[in-house]
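Spelled out from the first residue to the last, the chains are:
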Amino acid sequence: MKNILLLVLNVSMFFNQAFSQRMISGKVTSADGNELPGVNVILKGTNSGTISDIVGDYTLNIPEEGGVLEFTYIGFQKKEIDIGSKSIINTSLNEDLTELQEIVVIGYGSQRKSDITGAVAIVDTDQLKKNYSSSITDQLQGRVAGVSVTTSGKPGSIGDIKIRGASFFGGNNPLYVIDGILTGDNPNLNPSDVASIQVLKDAAASAIYGSRAANGVIIITTKKGVKGAPKINFNSTVGMQKIPSRINLKDNYEWAEIVNAAHDNAGAPRVSGANEDFNENINTDWQNEIFDNTAFTYNTNLAISAGGDNSNVYFSVNKFSQEGVIKGPQFDRISTRLNSEFKLSKKITVGQHLTVGNSTTNGTAGAIDPDTDGDIISPFSAAFEMLPVIPIYDTAQMSGYGIGQIGKAQTWSENPLGVMDLYKNFSENSSFLGDIYVKYQIMKGLDFRLSIGLNGSFTNFKGYNEAGQIRMSTVHFSGLTESRNENFALFIENRISYEKSFGKHNFSLVGALTEQKGREKLLASTSVGGYDNETNFWQLSNSTGSISSSGSEMQSVIRSYLGRLNYNFDQKYFISMALRNDGSSKFAPENRWSIFPSASGGWALSQENFFNIQFIDNLKLRAGYGIVGNASLGDYEYTTNIYRTATGSDIYNPGVNYNLGPTSASVIGATRSDMLRNADISWEELRESNLGIDLEILNGQLFFTGDYYKGQVNKILAQVPLPGTVGAITRSSPSINAVSLQRKGWEAAISYRKQAGIFQYAITANVSHTANVITELNYGLTELVGTDISSKTTARLGYSVGKFYLLDYQGIYTAEDIAGLPSDFTVQGETPQVGDAKYKDTNGRNENGFLTGVPDGKISRDDDRIITGSPIPNLIYGFNIDLSYKIFDCSIFVQGISGRDVYNTYYSLMTTEDFGHFTNYPYDYDPYINGQGTDPRPHFFQGHGNNLESTKFLENGAYLRLKNFQIGANIPQKMMENLRVYVSGQNVLTFTNYKGLDPEFEGGSVFTPGLDPRAYPSVRTFMLGLDITF
Amino acid sequence: MWIYKKVKIIFIITLLLNVTSCFELELENPNTVSEASFWKSENDLFQGVIAAYDALQLGGLYAGNIPVILTGLSDDGTGESTNEYYAPFRFKIFNSNIYLSEMMWIHFYAMIGRSYQVIDRAVLIEGENVKSIEAEAKFLVALAYYNLVAVYGENIAFVDRIQEASDFPERAEDGELYTLMEQLLNEAILELKLASEYSDADYGRVTKGAAQALLAKVYMQQKNFEYAEPLLKEIINSNEYELLPSYGDNFYENNGINKEAIFVINFLHDGPATESNRTTRHQGFSPREKLGTYGDVQPTQFVYESFLTELDIDGNPDPRLDVTLFHPGSTQLFIGEPYSWWESRFRNSEINTGYFKYSEQQFIENFATEFDGGTDFILIRYADVLLLYAEALNENGQTSEAYAYVDLVRQRSNMEPLSIAKPSLDKDSFLEQLKHERVVELSGEVTRFFDLKRWGMYNASNVERDPNFETFVNGRSDVQPIPQSELDLNKNLIQNPGY
């Protein structure tokens, strides 16, 4: 096999030897003297080259004197040798540690890649750079098997990232470890500063992070200065962004026809805007008004790296700006980094990492409404809820914006342009993250390391709006909200590590004590009303309205003791065992501490003497088991607090006070808060087994890694409603370790790299599958979310979390259908007619009103729902090709999901639910009017059988997306080390059957993974970039 | 040298280990008091009992639903709305998770829970008034059970201590809750102050008289008139209470101390600025919805006709009629509108009156908002106690002695003394007369529901007075179904028979 390939290559090289003038030959060996076959030998800067033969010998014709020979071989470092006048050049190549021998950071230490026994993904950070994004996590999308990332086009947004799916009902964010500092937040890092990323996926690998590892761990290491003369890298890109998709909607005539039919069918008077006041000249395309904005984005990065024998330093500064693709938020970030290390003596090394950044977001994308303290409608929803018959601007209205009018053209949507004009939001975040460390070599193999880290983040938010009217029947007050959030964490880590080899036994041991203290302070003030639109000094002190303020302070401490033993025998048998004991202030003293153990092993089958499959270079089997934890819990949540507020939030949550005496004297009382806590709560835990295989064939050109996992997620904290007898005036639902679920799945990644002279290509692909099922519900729970009629999803025993819970839609009733129905058959209490929605009768109630499970000839919105669909993708995959030819290179990255059902909330909102006929309609909505149509008869009344949530809106949510392509050229010149220009595109093409705006979305919560939240869609970007190193 | 190095290493490691362990794992919440660190002083206990009183004003209880539910469930109120909300009044259960019932259950148990926080902590706190504060809480527990047992029967959740998240209380056995109520009230009576021993600023707190009256009611619901009689007698002899000269003054906000009120829920019109909860009452008795009042329940014809059976001494209608009902002969306005305006708006021909009592006319005309009534709701009125005493005497064979107490009530309203109008009634006839007296004196005050139960009259035969009883099923409808959500969440409870 090998020989055939070599032959082919030799033949191809033959054609390059046309102008040979002299011959050069030699032998290539490895550092330890082994002959290396198949080494590429190329005269630098030309197409002339050859390949070493089976004993490492090569011969090459070169055109003239001088020149440089380049030796490249997979797994070894590139070597360049001046030819001068030599005719025989023998050389040895050093093994390249970036491949299998690469040192990989695995948490509290590092390991050779070949020694890894857990499911650890090593991310190719070079590939990541091609994905244009302000966040390193967004760049991970589609790159790592088992890591799913959902991105959004919102400026400055950080994509939602999950490793092996969502398992908990609080956060499912992985733990990020940035240069050793643990943080649960998405890291706000400059992607250019990242040197390496490792993802610890299984419990055995992540258990060293114990109680915080159950959602997986992403270890990010930033760049260090490289030994040598200072190198300066300058990188700049400019891009254009646009929303790539639309949902086609009805025009003014079509809207009027349907809305008239809806009123006629309900026996309600028609709205005049569709009737006598219909104005054929008004036909607003709201999407065009909102989406038709081209946004620019700029990224400039400057990095300096330098190093000597005893010190090295890396410095960078980055400026990133992104305008909004709708008139709205603009994101700007400036961040700097300084990493340095000094060797003070043979035994003592000190160093530091520090990044300081400032980012601002200006504008609106669903503003805060001070009247309700809630978000007002997002423009991405308003674009579909506004009607074509409403003009954008309408001088007859109070604020001059076109709005819905009762009895004329009815919609509750805010005028999205009014929102953008009147509501202003500004937020600014300043942050720093860094550490200082000392390493002390106590003796050979025994090292001590102390590091002290700080992580701070300070956010100011200010939002305000003029008074006015941008919504039907609603005049809003002016208002202003300001808030300050201060987050600060301090880390201390003491680590001691020991490495020893004797004979074929190799040991490494690490032990550490770590502590982390976090503090968060919040201050917020809101003024409702109080601003004169003329004055426009938007400060709280200028308010004449009522101002309310709030403030709070949170603290938490985690203390950990941990240790790990890695052992291998002769690079054949590997064992890794870890133990971590975590104590957290979040739990009561008796539940505070928990031990998280893990063990894993590997067997390098290919190292065995009996293993003689030629084309397999490396075959390793891995197995591991571990217990890791999680806490979906805030601070102090194990103690019940005393409630003694006179003023409650509303009439359903009143304060505690009572009036005594004949006059208006009020006395404030005190009682336990309705938010009853359970002191018994403890860590949530994942117990997971992982089986893996690593396979390398064809001289390391083809690499495959696969993992299968099965785990039990136990003691999941869920909000458990308590009986009223507990004494709370509203239903008390404390967090209790009440739920268990099983999760299992597999992941596979394959890569193929080939270098054929000046033509190189690499293909990488990954695919993963994950699934969960609820195996235990305690405390009398029957399901995890309410059964109220607005709920479209459920979480029940035996099903996965967030399955759809909907009426089973069967099309519309024909005349024959109606004739065949029993006379007392009803849908939502009414006898169905031809053209009405037909649902499957699945359940019924007895005379006392209790469910029987037997169809009763009555379709009810609540009772006849079925559990259906699969909101969690069956497969998530990514596929990447890198090509390079001479100075040109090209990469194409495709990413997608399959086997996922989604609920099209755009269509549901526009044609049913309680807002049916208060919105525009999708273009392919074909309601039954005058004996024609395939969709249910429009009916104006809320709760009518034709306006219900049903499986009609379940769609195939699979998609395949050309996420990224890049074409670049390294321009040959002598002024600098490297000059590269490139063009690139993102979200260029999407293939999907989903009719909503964007199939790539994250449901609002873990319970609603398949409900489209109608949020900021992915945007299409084209950019131009320049990269210079000198 | 070698030793020196080792010492140095050990020194450094020790130093560094000290740097660790510098954070404390036990953190106090800086934002609010935790339950474990509260409950230290007598004032904490006082605040606790205030919270228990506050429960009376919850929407599920006297600020909102209780008057509607208990009147709707008895024959002095009827409701025609087909809304599922009112299904209990028609004894038709579509779903035992009826909001009205669920809220009442939750809020009465909240009152019990808040009270037990006081009772269970009182033993650990010293102070002059600790015992009497504890006694107030005991009264409130008994009051909650008195209502719960009447509505849901005796086999409901037995809660007699502070509940934790892990508590799923057992179902009470027959008699167990009555024993608990008696015990709590007997203990409370020993510690409670007389009304006159409280300062005016404490008006509204539980008095000894209130506890005695409630205990008497508890006994009488069990037909134990023997134990009730001396308790009622002691209240009368205490001279703490008296009938107001004018009957109607009980039902208006007067900002004064009412000597006829034995236990009131202290509502305020337009409450103090610091409050946002319901200090005011929900108006549920309007003939129909208008101007922020609700027409949940209307009086039955039987109530109206009861007033028409007897004229006062001067030959005029019973003066309590105009106070109690808005009726065809009303000359006053209801929310600014005369009877003729309302007449065409009644739900059906069976209904032609509305409750005028507690209808807050003085405020609703001007401030027509939903929850704006400020009149104190009198839960135990001296006139009620006088009539109960007469009933107890009659039951205990002292019918002739009983006349005097009925006459006190009648004469205050310019009615001829019963001793003249109907002298020498036998025991049964006297009881029948008392039933009438209680209707004309107490209608609209949430007593009839308990009266019917006490007299063994809570059954389908009430259909002759209230058409809603048509669907009443004897043996089932005499208690309401336990809310399904509670059964789901506590497997120790079981549904009442027939549901």
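Position numbers for residues count from 1 along each chain, tracking the sequence in the order it is written. Chains carry letters and ligands carry numbers; both start at the beginning, A for chains and 1 for ligands, and go up in the order they are written. Only residues with pLDDT of 70 or above have their local features reported here, since the model is predicted, and side-chain atom pairs are shown and tallied only from 80 upward, although totals for entire chains, interfaces and linings are computed over all residues. Only hydrogens and water are set aside when side-chain values are computed; all heavy atoms of the structure are taken into account.

Draft legend 1. Here's a closer look at the overall build of chain B. To qualify as a helix, a DSSP run of H or I must reach at least 4 residues; to qualify as a strand, a run of E must reach at least 2; elements of each kind are numbered from the N terminus. Helix and strand content of chain B: 18 helices and 4 strands. Think of it in three bands: with a 1.4 Å probe and only protein chains considered, a residue is buried below 20% of the maximum accessible area for its type, exposed above 50%, and partly exposed in between. Here chain B, with 499 residues, has 62% of them falling under the buried criterion. Residue pairs in contact within chain B that sit at least 24 positions apart in sequence constitute 69% of those at least 6 positions apart. For the accessible areas, the method is Shrake-Rupley and the probe is 1.4 Å, while residue cover comes only from the protein chains on display. By element, 50% of the accessible surface of chain B is carried by carbon and sulfur atoms, the whole surface being about 18700 Å². For this analysis, residues touch if any pair of their heavy atoms sits within 4.5 Å.

Draft legend 2. Spatial organisation of the pattern of salt bridges. In what follows, salt bridge is the name for a side-chain nitrogen of Lys or Arg lying within 4 Å of a carboxyl oxygen of Asp or Glu. The tally for this structure, following the rule as stated, stands at 70 salt bridges over all chains. Taking the shortest distance from any N to any O, the salt bridge between Asp570 of chain A and Lys572 of chain A comes out at 3.8 Å. Accessibility expressed as a relative area gives 12% for Lys572 of chain A, which makes it buried. In this structure, Glu441 of chain B and Arg412 of chain B form a salt bridge, with 3.1 Å as the shortest nitrogen-oxygen distance. With Glu441 of chain B in helix H16 (residues 427-442) and Arg412 of chain B in helix H14 (residues 399-412), this residue pair connects regions lying 29 residues apart in the sequence. For the residue pair Glu441 of chain B and Arg412 of chain B, the accessibility class agrees, reading buried in each case. Each member of the salt-bridge network shares a partner with another, and the members are Glu260, Asp318, Arg320, Lys357, Arg381, Arg412, Glu441 and Glu445 of chain B.

Draft legend 3. Structural view of the interface of chain B and chain A. Taken together, the 88 residues of chain B in the interface contact 76 residues of chain A. Summed over both partners, the accessible surface that disappears when two parts come together, traced with a 1.4 Å probe, is what is meant by buried area. Summed over both sides, the interface of chain B with chain A buries roughly 6900 Å², with 60% coming from carbon and sulfur. Counting the contacts that link chain B with chain A gives 5 salt bridges. The salt bridge involving Glu486 of chain B is made with Arg731 of chain A; its shortest N-O contact spans 2.6 Å. The term polar contact refers here to a pair of N or O atoms within 3.5 Å; inside protein, the definition further demands a hydrogen-donor-capable atom paired with an acceptor-capable atom, and it admits residues adjacent in sequence only when both atoms are side-chain atoms. Our count for the contact surface shared by chain B and chain A stands at 25 residue pairs in polar contact (both at pLDDT 80 or more). Elements with a contribution of two residues or more to the side of chain B that touches chain A: helix H1 (2-19), helix H2 (42-56), helix H4 (99-122), strand E1 (261-265) and helix H18 (484-489) of chain B. Considering every element that reaches the side of chain B that touches chain A, the biggest residue donor is H4 of chain B, with 11 residues. Taken together, the residues of the side of chain B that touches chain A break down into 43 nonpolar, 27 polar and 18 charged. Polar here means any residue other than Ala, Val, Leu, Ile, Met, Phe, Trp, Tyr, Cys and Pro, which are nonpolar, and Asp, Glu, Lys and Arg, which are charged; Gly is therefore polar.

Draft legend 4. Spotlight on helix H5 (residues 252-266) of chain A. Residues and elements named next belong to chain A. Look at H5: 21 Å from first C-alpha to last across 15 residues, which is about the 21 Å you get at 1.5 Å a residue. By the N-cap criterion, in which a side-chain oxygen at the helix start approaches the backbone nitrogen of a residue two or three places on, H5 is capped by Asp251, the distance to Tyr253 being 3.2 Å. Count one or two residues on from H5 and you reach Gly267, which has phi positive near 70°. Each helix should span, by expectation, one fewer than its residue count multiplied by 1.5 Å.

Draft legend 5. Here's a closer look at the packing of aromatic side chains. Aromatic pairing here means that ring centres of Phe, Tyr or Trp (its six-membered ring) are within 6.5 Å. Orientation follows from the plane angle: under 30 degrees is stacked, over 60 is edge-to-face, and everything else is tilted. A complete count under the given rule lists 58 aromatic pairs over all chains for this structure. Through a chain of ring-to-ring contacts, three or more aromatic side chains come together here, namely Tyr146, Phe449, Phe450, Tyr458, Phe469 and Phe472 of chain B. Looking at Arg449 of chain A, its charged tip hangs above the ring of Tyr437 of chain A, at a distance of 4.6 Å from the centre. Two thresholds decide whether a charge sits over a ring: the Lys NZ or Arg CZ must be within 6 Å of the ring centre and within 35 degrees of the ring normal.

Draft legend 6. Seen up close, the sheet that holds strand E42 (residues 793-794) of chain A. All names here are of chain A. The pairing criterion is simple: DSSP has to find at least two bridges between the two strands. Strand order in the open sheet made by the 3 strands is E42-E43-E48, with antiparallel pairing throughout. Edge positions in the sheet fall to E42 and strand E48 (865-868), since each of these pairs with one other strand and no more. In this sheet, E48 lies alongside strand E43 (residues 803-807) in antiparallel orientation, the contact comprising 4 bridges. Note on E48: the bridge partner recorded for Leu806 is Ile866.

Draft legend 7. View of the nonpolar core. Each nonpolar core is a collection of buried residues, namely Ala, Val, Leu, Ile, Met, Phe, Trp, Tyr and Cys, held together in the definition by side-chain atoms within 4.5 Å. Residues Leu56, Tyr62, Phe139, Tyr145, Leu232 and Phe263 of chain B are the most contacted members of the largest nonpolar core, which totals 149 residues. If one sorts the elements of this core by residue count, helix H5 (residues 130-152) of chain B sits on top with 17 residues. Aside from chain neighbours lying at most four places away, what touches Leu56 of chain B is Tyr658 of chain A together with Leu61, Tyr62, Ala63, Met111, Leu140, Leu143, Phe263 and Ile265 of chain B. Grouped together as the second largest cluster of nonpolar side chains are 68 residues, Val104, Ala205, Leu433 and Ala728 of chain A included.

Draft legend 8. A look at unusual backbone geometry. In the Ramachandran plot, Lys715 of chain A falls in the positive-phi region, its phi being about 55° despite a non-glycine side chain. Position of Lys715 of chain A relative to the elements: it lies in strand E39 (residues 702-719). Given the relative accessible area of 33%, Lys715 of chain A is considered partly exposed. Phi angles above zero are rare outside glycine, and Trp39 of chain B is one such case at about 50°. Relative to the elements of secondary structure, Trp39 of chain B occurs in the loop between H1 and H2. When its relative accessible area of 7% is taken as the criterion, Trp39 of chain B is described as buried.

Draft legend 9. Representation of the confidence of the model for chain A in the model. Residue and element names in this part refer to chain A. Each residue gets a pLDDT score, which is the predictor's confidence in that residue and runs from 0 to 100. Considering every residue of chain A, the mean pLDDT works out to 87; 93% of them sit at 70 or more. The least confident element of chain A, judged by mean pLDDT, is helix H1 (residues 2-14) at 41; the most confident is strand E52 (residues 954-956) at 96. Confidence drops under pLDDT 50 across residues 1-20; counting only partners more than four residues distant or on other chains, this segment forms 20 contacts. A low-confidence stretch, residues 786-790 stays under pLDDT 50, and its non-local contacts, those more than four residues away or across chains, total 10 contacts.

Draft legend 10. Region of interest: the sheet that holds strand E10 (residues 120-123) of chain A. All names here are of chain A. The strand order across the open sheet formed by 5 strands is E10-E15-E16-E13-E14, and the pairing between neighbours is mixed. Lying at the two open borders of the sheet, with one neighbouring strand each, are E10 and strand E14 (181-183). In this sheet, neighbouring strand axes are inclined to one another by 20° on average, regardless of whether the strands run parallel or antiparallel. Pairing between strand E13 (residues 175-178) and E14: 3 bridges, direction antiparallel. The axes used here are C-alpha line fits, helices contributing only the stretch in contact, and every angle between their N-to-C directions lies in the interval 0 to 180 degrees.

Draft legend 11. Examining a nonpolar patch on the surface more closely. Residues and elements named next belong to chain A. Like-charged residues within 9 Å of one another, or nonpolar side chains (Val, Leu, Ile, Met, Phe, Trp, Tyr) within 5 Å, are grouped into patches, provided each residue has over 30% relative accessible area and no salt bridge. Judged by side-chain polarity, Val238, Met240, Phe296, Tyr298, Ile967, Val983 and Leu1024 come together as a nonpolar surface patch covering roughly 570 Å² of accessible area. Contributions of two or more residues to the nonpolar patch are made by strand E17 (228-242) and strand E18 (295-307). Within the secondary structure, Phe296 is located in strand E18.

Draft legend 12. Spotlight on the side chain of Arg212 of chain A. All names here are of chain A. You can see Arg212 is positioned in the loop between helix H4 (203-206) and strand E16 (217-222). Here the positive residues are Lys and Arg and the negative ones are Asp and Glu; neither His nor the chain ends is included. At 6.9 Å, Asp582 is the nearest oppositely charged side chain to Arg212, a buried residue that forms no salt bridge. Setting aside residues up to four positions removed in sequence, Arg212 forms contacts with Leu175, Leu182, Thr183, Gly184, Gln516, Ile558 and Gly629.

Draft legend 13. How the structure looks around the packing of H2 of chain B against H4 of chain B. Residue and element names in this part refer to chain B. Where H2 meets H4, the closest approach of the two axes is 8 Å, and the angle between their N-to-C directions is 160°. Regarding the angle of H2 to H4, the classification is roughly antiparallel. Crossing of H2 against H4: the hand is left-handed. Contacts between H2 and H4 involve Leu45, Gly48, Val49, Ala51, Ala52, Asp54, Ala55 and Leu56 from the first element and Met111, Arg114, Ser115, Val118, Arg121 and Ala122 from the second. Of the residues that constitute the contact of H2 with H4, the class distribution is 9 nonpolar, 2 polar and 3 charged. Small angles under 35 degrees read as roughly parallel and large ones over 145 as roughly antiparallel, with 65 to 115 read as roughly perpendicular and the rest as oblique. Crossing handedness is defined as follows: a turn of the near helix away from the far one that is anticlockwise and smaller than a right angle gives a left-handed crossing, while the clockwise case is right-handed.

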